[in-house]
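Descriptive analysis of the structure
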Amino acid sequence: MEYDATFFAFVGLVIFLALVAYLKVPGMMAKSLDERAENIREELAEAKRLREEAQALLADYQKKSKEAEAEAAAIVAVAQREAAALAADAKAKTEEFVARRNAISEQKIKQAETDAVNAVRAAAVDLATAAAQTVLAKQSDADLQARLFKAGVSDVKTRLN
């Protein structure tokens, strides 16, 4: 019997399959595939857990963002109210200041009018006194002047006593 290359290839294949079966390569491959499948399951579970955590964090940050926006809006509203109150207060103080200045100006004007009237009256009294003195000096004689002088002196004496 002559053995050709096909026979030797067949014998090699049988030996190879027997060796694979003896070394339990299919079991090792199945075990390796099972371990790989388990690793993949664990990685998928970890990825799912991480995704859920990320979604929870996202929801938390969105909630905080909305709260911060609401707080910012409240701060802006308070600032606007305070600005309006300050503007109203400043306006009221300005109006009060103007009213006070007007009142002071009116008082000064009235005082100036009173001073002017008094000055005119004093000048009129001085002028009338001078005119009366001139008229009396022209119309009175020495005898009348002596009697008036004595009457004035006696009047002063009575007031002093």
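Given the structure is predicted, the values throughout are model-derived calculations rather than measurements.

Each value, and the rule that gives it
Residues numbered from 1 in each chain as written. Predicted model: local features only at pLDDT ≥ 70, side-chain atom pairs only at ≥ 80, totals over all residues. Heavy atoms only, no water. Helix = DSSP H or I, 4+ residues; strand = E, 2+ residues; numbered from the N terminus. UniProt positions renumbered as here; feature names shortened; annotations may be inferred. Phe/Tyr/Trp six-rings, centres within 6.5 Å; stacked < 30°, edge-to-face > 60°. Buried < 20%, exposed > 50% of the residue type's maximum accessible area, 1.4 Å probe, protein only.

As for the environment of N161
Mapped onto the secondary structure, N161 falls in the segment after α3 (142–160). The spatial distance from the C-alpha of N161 to the C-alpha of K91 is 66 Å, given a sequence separation of 70 residues.

Structural notes on the UniProt feature "coiled-coil region" (unreviewed entry) in the protein chain
Feature annotation in UniProt assigns "coiled-coil region" (unreviewed entry) to the following positions: residues 30–96. Helix makes up 100% of residues 30–96 and strand 0%, whereas the separation of the span's terminal C-alpha atoms amounts to 97 Å.

What about the packing of aromatic side chains?
Summed over all chains, the structure comprises one aromatic pair. Judged by centre distance (5.8 Å) and plane angle (70°), the rings of F7 and F8 are edge-to-face. Exposure remark for F7: the relative accessible area of 35% places this residue in the partly exposed category.

Topic: the UniProt feature "transmembrane region" (unreviewed entry) in the protein chain
The feature "transmembrane region" (unreviewed entry), as given by UniProt, occupies residues 6–23 in the numbering adopted here. Summarising residues 6–23: 94% helix, 0% strand, and an end-to-end C-alpha distance of 25 Å.

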